[in-house]
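# Working through the structure, step by step
Residue-level listing of the chains:
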Amino acid sequence: MFDFITQWISGSPVTYPVISALAVLDIIGIVPAETVVITATLIALHGDLWVVGVAAAAVVGALVGDNILYLIGQYGGGRLVNYLFRSDRSRQRLDWARRRMHRHRNVIIIGGRFLPGGRTVVMFAAGTLRVPWRRFILADVVAVVLWAGYHVGATVAFGEAFSGKPWLTLLLSVAVGITLGAAAEVIRRFSERQNQQA
């Protein structure tokens, strides 16, 4: 996968819109957006691209893709839900995201960005629940900036250690998502106890 992506990403200025486009296409799972960002950042470290430009392109693509998922969830209807989430496991993940969205919308939108498949489920769930777009986009901007900044920053920090091993940052990304999800659950339980004691 890493070698395949390097054929699409080069030191050319055209690479920036390619990064954005591939980040959008991540919504259908063709190319992991994280791997695209890591690859482009590694090229930038050799002076062929601008690191900030890579991060900005990733943010733009991620935002567009997330909004597409949100709109599909909002206007797609029940038939589309049944088609996209056919398996019991995928339906359980969607139900989980919907339940958590009611209490910890911002944390779930941000945390979902770091989990494999979490982006699709969470953004789609936000649309099906008719989360107001202004609230959604504010949380999503924070989510994609943190997501892009994390992958670019980690790659810059560790450099060649990630070359040919993008799974290292993906593993750390999963850890970040799980930590955010666990934090949201702790906050929820603490809030419930406080309300019961009040």
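For the structure given in this document, a descriptive report is provided here. (Residues numbered from 1 in each chain as written. Predicted model: local features only at pLDDT ≥ 70, side-chain atom pairs only at ≥ 80, totals over all residues. Heavy atoms only, no water.)

### Brief notes about the side chain of Asp66
- The residue Asp66 is located in helix α4 (residues 51–75) in this model.
- Those residues in contact with Asp66 that sit more than four places away from it in its chain are Arg113, Arg119, Met123, Phe136, Asp140 and Val144. (Helix = DSSP H or I, 4+ residues; strand = E, 2+ residues; numbered from the N terminus. Contact = heavy atoms within 4.5 Å.)

### Let's talk about the side chain of Glu34
- Counting through the fold element by element, Glu34 comes out in helix α3 (residues 33–45).
- The buried charged residue Glu34 lacks any salt bridge partner; its closest oppositely charged side chain belongs to Arg113, at an N-O distance of 5.3 Å.
- Polar side-chain contacts of Glu34 include one of 3.4 Å to the side chain of Trp147. (Buried < 20%, exposed > 50% of the residue type's maximum accessible area, 1.4 Å probe, protein only. Lys, Arg positive; Asp, Glu negative; His and termini not counted. Salt bridge = Lys/Arg side-chain N within 4 Å of Asp/Glu carboxyl O. Polar contact = N/O pair within 3.5 Å; in protein donor to acceptor, adjacent residues only side chain to side chain.)

### A look at the packing of helix α6 (residues 88–112) against helix α8 (residues 133–158)
- Viewed as axis vectors pointing N to C, α6 and α8 meet at an angle of 35 degrees, and their least axial separation amounts to 8 Å. The element α6 and its partner α8 pack so that their crossing is right-handed. Two secondary-structure elements touch here, α6 through Arg105, Asn106, Ile109 and Ile110 and α8 through Arg135, Phe136, Ala139, Asp140, Val142, Ala143 and Leu146. (Axes fitted to C-alpha atoms, helices over the stretch in contact; angles between N-to-C directions. Left-handed = near helix turned anticlockwise from the far one by under 90°.)

### Regarding the environment of Tyr70
- On the secondary structure map, Tyr70 appears in helix α4.
- On a C-alpha basis, the gap between Tyr70 and Gly127 in space is 4.4 Å, while along the polypeptide they are 57 residues apart.
- Within the structure, the side chain of Tyr70 is placed 3.4 Å from the backbone nitrogen of Trp133, a separation counted as a polar contact.

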